[in-house]
Amino acid sequence: MKLAFAATTALLLTACSGGLKVVESDLQHHHWNLTAIDGVAVNADIKSDLEIGEHFSINGRAGCNRFFGSATLTQGLLKAEPLATTRMACAPAEQKVESAVLDTLNNGAVVSQNGQLLELKGDTHTLTYQLADWVQ
């Protein structure tokens, strides 16, 4: 009885402290829309998104260009390597978003998830995504 109580208490404390790790299956087969960079809302006209599919393939729109590749999730760190992108010229606002997204994905980011919000915290930027739907 005491052991069960201790195990339950430890689990609750871990959950409350945000200690539950995000695993690949939490992220796979989802489509996420970028809503903020460093806590500042992204213009809704900039359709930046992220999809994580089978075998941890990733793709989406960074700012105005599409990206695709594969990623890894190791000890809570998401890293995309290698990423390929299209090469269209972007408007300044789109380029700012694009640079933040590609930098964060390429250099790696600590992943946290709270319900339908996904946060990728890199060395330079923090990206906040909202769950849009399941990837088909």
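Here, the structure is the one placed above.
All of the points below concern the structure found in this document.

### Description of the pairing of strand β1 (residues 30-37)
Part 1 of the reasoning: Buried residues dominate β1, accounting for six of its eight residues.
Part 2 of the reasoning: In this structure, β1 lies alongside strand β3 (residues 49-52), joined through four bridges in antiparallel fashion. Each residue of the ladder has a partner; that of Trp-32, found in β3, is Leu-50.
Part 3 of the reasoning: Strand direction decides the pairing type here: β1 and strand β2 (residues 40-41), joined by two bridges, are antiparallel. Within the sheet, the bridge partner assigned to Ala-36 lies in β2 and is Ala-41.
Part 4 of the reasoning: What sits between the antiparallel neighbours β1 and β2 is a turn of two residues, in which Asp-38 has the positive phi angle 55°.

### Notes on the nonpolar core
Part 1 of the reasoning: Counting residues in each nonpolar core, the largest one holds 29 residues, and the members touching the most others are Leu-27, Leu-50, Phe-67, Val-101, Leu-120 and Tyr-129.
Part 2 of the reasoning: Those elements that place two or more of their residues in this core are β1, β3, β5 (66-74), β6 (77-85), α3 (92-107), β7 (109-114), β8 (117-121) and β9 (126-134).
Part 3 of the reasoning: The element that contributes the greatest number of residues to this core is α3, accounting for five residues.
Part 4 of the reasoning: Not counting residues within four places of it along the chain, the set of residues in contact with Leu-120 comprises Leu-50, Leu-78, Thr-104, Leu-105, Ala-109, Val-110, Val-111, His-125, Thr-126, Leu-127 and Tyr-129.

### Quick notes on the environment of Ser-57
Part 1 of the reasoning: Looking at where Ser-57 falls in the secondary structure, it is placed in strand β4 (residues 57-61).
Part 2 of the reasoning: What makes Ser-57 partly exposed here is its relative accessible area of 30%.
Part 3 of the reasoning: Linking Ser-57 and Ala-80, residues 23 residues apart in sequence, is a C-alpha distance of 9.0 Å.
Part 4 of the reasoning: If sequence neighbours within four positions are ignored, Ser-57 has contacts with Glu-51, Ile-52, Gly-69 and Ser-70.

### A few points about the side chain of Thr-128
Part 1 of the reasoning: Along the chain, Thr-128 turns up in strand β9.
Part 2 of the reasoning: The exposure class assigned to Thr-128 is buried, which follows from its relative accessible area of 18%.

### Digging into the pattern of salt bridges
Part 1 of the reasoning: Counted by the stated rule, this structure contains one salt bridge.
Part 2 of the reasoning: Between Asp-49 and Arg-66 there is a salt bridge, with the nearest N and O atoms lying 3.9 Å from each other. Of this pair, Asp-49 sits in strand β3 while Arg-66 sits in strand β5, and the two are 17 residues apart along the sequence.
Part 3 of the reasoning: Looking at Arg-66, the relative accessible area reads 31%, which means it is partly exposed.

### Some words on unusual backbone geometry
Part 1 of the reasoning: The omega torsion of the bond from Glu-81 to Pro-82 falls at -15°, within 30 degrees of zero and hence cis.
Part 2 of the reasoning: Along the polypeptide, Pro-82 turns up in strand β6.
Part 3 of the reasoning: Of note in this structure, His-29 is not a glycine but carries a positive phi near 65°.
Part 4 of the reasoning: Among the secondary structure elements, His-29 is positioned in the loop between α2 (24-27) and β1.
Part 5 of the reasoning: For His-29, a relative accessible area of 29% translates into the label partly exposed.
Part 6 of the reasoning: The phi dihedral of Asp-38 is positive, around 55°, even though this residue is not glycine.

The rules behind the values
- All residue numbers refer to positions counted from 1 along the written sequence of the respective chain.
- At least 70 in pLDDT is required for a residue's local features to be given in this predicted model, at least 80 for side-chain atom pairs to be given and counted, and no such filter applies to totals for whole chains, interfaces and linings, which use all residues.
- Computation of side-chain values covers all heavy atoms of the structure but excludes hydrogens and water.
- Only protein chains enter the calculation, and the probe is 1.4 Å; a residue is then buried if its accessible area is under 20% of its type maximum, exposed if over 50%, and partly exposed in between.
- Strands here mean DSSP runs of E at least two residues long; helices mean DSSP runs of H or I at least four residues long; both are numbered from the N terminus.
- We call two strands paired when DSSP finds no fewer than two bridges between them.
- In this description, a nonpolar core means a group of buried Ala, Val, Leu, Ile, Met, Phe, Trp, Tyr and Cys residues linked to one another through side-chain atoms lying within 4.5 Å.
- We call two residues in contact whenever any of their non-hydrogen atoms come within 4.5 Å of each other.
- What counts as a salt bridge is simple: a side-chain nitrogen of Lys or Arg found within 4 Å of a carboxyl oxygen of Asp or Glu.

Functional significance is not addressed by these values, which are geometric in nature.
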